[in-house]
Amino acid sequence: MKKKIVLSAVAAVAALTAGTTVASAQQFTWGPKAGMNVSTMSHTKQDAKVSFTAGLFGELRTNDWFAVSAEVLYSRQGVMDKWTQNDITTKYRLKTHYVNVPVLANFYVTDRLALKTGVQAGFNVGAREIEKVGNTTYKRDVGDRFHTAEVAIPVGISYDFGPVVLDARYNFGVSHAMKEGSYRNNVFQLTAGIRF
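Note that this is a predicted model, so its numbers are computed, not measured. (Residues numbered from 1 in each chain as written. Predicted model: local features only at pLDDT ≥ 70, side-chain atom pairs only at ≥ 80, totals over all residues. Heavy atoms only, no water.)

1. A few points about a nonpolar patch on the surface
To keep things clear, this is the line we draw: Nonpolar side chains (Val, Leu, Ile, Met, Phe, Trp, Tyr) are joined into patches within 5 Å and like charges within 9 Å, using only residues with over 30% relative accessible area and no salt bridge. Shrake-Rupley sampling with a 1.4 Å probe provides the accessible areas, and residues are treated as covered by the protein chains on show and by no other component. By salt bridge we mean one thing: a side-chain nitrogen of Lys or Arg within 4 Å of a carboxyl oxygen of Asp or Glu. Put simply, DSSP H or I for four residues or longer makes a helix, DSSP E for two residues or longer makes a strand, and each gets a number counted from the N terminus.
Taken together, the side chains of Val68, Val103, Val119, Val151, Ile153, Val155, Phe172 and Val174 define a hydrophobic patch exposed on the protein surface, amounting to about 570 Å² of accessible area. Here Val103 shows up in strand S4 (residues 88-108).

2. Remarks on the pattern of salt bridges
Filter applied, for reference: For every residue, the accessible area obtained with a 1.4 Å probe (protein chains only) is divided by the maximum for its type, and the residue is called buried under 20%, exposed over 50%, and partly exposed between those limits.
Per the counting criterion, the structure on display carries 10 salt bridges. Between Glu59 and Arg195 there is a salt bridge, and its shortest N-O distance comes to 3.3 Å. Of the two residues, Glu59 sits in strand S2 (residues 47-61) while Arg195 sits in the segment after strand S9 (185-194), which places them 136 residues apart along the sequence. Of the two residues, Glu59 and Arg195, neither departs from the other in class, the shared state being buried. Of the charged contacts, one joins Asp167 and Arg169 as a salt bridge, the two residues approaching to 3.0 Å between their closest N and O atoms. Among the charged side chains, a network of salt bridges with common partners joins Lys33, Glu71, Lys116, Asp167 and Arg169.

3. Some details on the packing of aromatic side chains
Counted only if it meets this: Here a pair means two rings of Phe, Tyr or Trp (six-membered ring of Trp) with centres within 6.5 Å. Their orientation is stacked below 30 degrees between planes, edge-to-face above 60, and tilted elsewhere.
Across all of its chains, the model carries 6 aromatic pairs by this definition. Consider the rings of Trp65 and Phe66, whose centres lie 5.6 Å apart with planes at 55°: the pair is tilted. The structure contains a cluster of three or more aromatic residues connected by ring pairs, namely Trp65, Phe66 and Phe107.

4. Digging into the nonpolar core
Using the following cut-off: What we call a nonpolar core is a set of buried Ala, Val, Leu, Ile, Met, Phe, Trp, Tyr and Cys residues that are connected through their side-chain atoms within 4.5 Å. Residue contacts are defined here by distance: any two heavy atoms, one from each residue, within 4.5 Å place the two residues in contact.
Core analysis: the biggest nonpolar cluster contains 10 residues, these being Met41, Val79, Tyr92, Leu94, Tyr98, Ala127, Val142, Phe146, Ala177 and Met178. Tallying contributions element by element places S4 first for this core, with 3 residues. If we ignore the near neighbours within four places in the chain, the residues touching Val79 are Thr40, Met41, Gln46, Asp47, Lys49, Tyr92, Arg93 and Leu94.

5. Comments concerning the environment of Gly181
Structurally, the position occupied by Gly181 is in the loop between strand S8 (164-173) and S9. On the basis of relative accessibility, which here comes to 45%, the residue Gly181 falls in the partly exposed class.

6. Some remarks on a positive patch on the surface
Condition: Within this scheme the basic residues Lys and Arg register as positive and the acidic residues Asp and Glu register as negative, but His and the chain ends are omitted. All charge positions are set by atom: Lys at NZ, Arg at CZ, Asp at CG, Glu at CD.
A surface patch of like charges, here positive, comprises Lys82, Lys91, Arg93, Arg128, Lys132 and Lys139. Of all the secondary-structure elements, those providing two or more residues to the positive patch are S4 and strand S5 (113-133). Looking at the secondary structure, you find Arg128 in strand S5.

7. A word on the pairing of strand S3 (residues 66-85)
This is how the line gets drawn: DSSP-based pairing: two strands are paired if at least 2 bridges between them are found.
Note: S2 against S3, 11 bridges, orientation antiparallel. Within S3, the position partnered with Gly55 by the bridge is Leu73. The antiparallel pairing of S2 with S3 creates a hairpin that spans 4 residues between the two strands. In this structure, S3 lies alongside S4, joined through 18 bridges in antiparallel fashion. Pairing of Val79 across the sheet is with Leu94, part of S4. Remark: 2 residues form the turn of the hairpin made by S3 and S4, two consecutive strands paired antiparallel; Asn86 in that turn has positive phi of roughly 55°.

8. Some words on the confidence of the model for the protein chain
Formally: Each residue carries a pLDDT score, the predictor's confidence in it, ranging from 0 to 100.
Mean pLDDT for the protein chain: 90, with 87% of residues reaching 70 or above. Below a pLDDT of 50 lies the segment residues 15-25, which in the model reaches 8 contacts outside its immediate sequence neighbourhood of four places, other chains included.

9. Considerations on the side chain of Thr191
To keep things clear, this is the line we draw: Counted as a polar contact is a pair of N or O atoms within 3.5 Å, where, for protein atoms, one must be capable of donating a hydrogen and the other of accepting one, and residues adjacent in sequence contribute only when both atoms are in side chains.
With respect to the helices, strands and loops of the structure, Thr191 is situated in strand S9. The exposure class of Thr191 is buried, given its relative accessible area of 4%. Here Lys33 takes part through its side chain, which lies 3.4 Å from a polar atom of the side chain of Thr191. Beyond its immediate chain neighbours, meaning those up to four positions away, Thr191 contacts Lys33, Ala34, Gly35, Thr53, Val165, Leu166 and Asp167.

Listed below in C-alpha cells is the structure:
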C-alpha cells in the first residue's frame, strides 16, 4: 500500500512537470537538490536528529514575483536520546524514512530572493528504533506504529546564485505522525539545488 501511494505521488508530480514544460518551456525550470534535515517530534523531550534529504524539484514561474513549485524528496528523520542508569549508558535513536511531496507558492521579493509556503504530503516508508544498552545493541522495526501519510506546512526562503539554489525551510507538522500519541514531525531543512 505504501509503495502504491509513493508511486502515485511521484507520477502526479512527474505529470505536472511534464505538462508545464510543454505549456511554458521558457518559464519552467527543474533540477536535483540535496541537503540536511534537523528533525524533532513534538511532545517529546528527545534530542533533535541530524540527517539528510535529496530529490527533485520543478518550478513554474508565472511572472516576475510569483512561481509555483513541486518537489519529490526522500527524507530521513527521527529523534535521539541518551541516559545513564546504574552506571549503564543507553543510547536511543529513532530513524524514520519519508517520501515528501511539497507544493509551494513562491513569492519573489527580488529577482533571486523568494519567500515560500504551501502544503506537504509525507508518506512513511519505514521506521526503526536502535537502542544501545552498554555494549549490546537492539534493533526493532516500528513502521507499523506510524501513519502511512501525514501533512505538514512548509515555510521558508530561497536564493538563486546563478544555477545554484539555496533553500532553507521549516516544516511544521500538522497531522499526527504516529498512531498512538499526539507526536508531530517538525523538520528544519537546508538544501542546495541545481536549476536547469
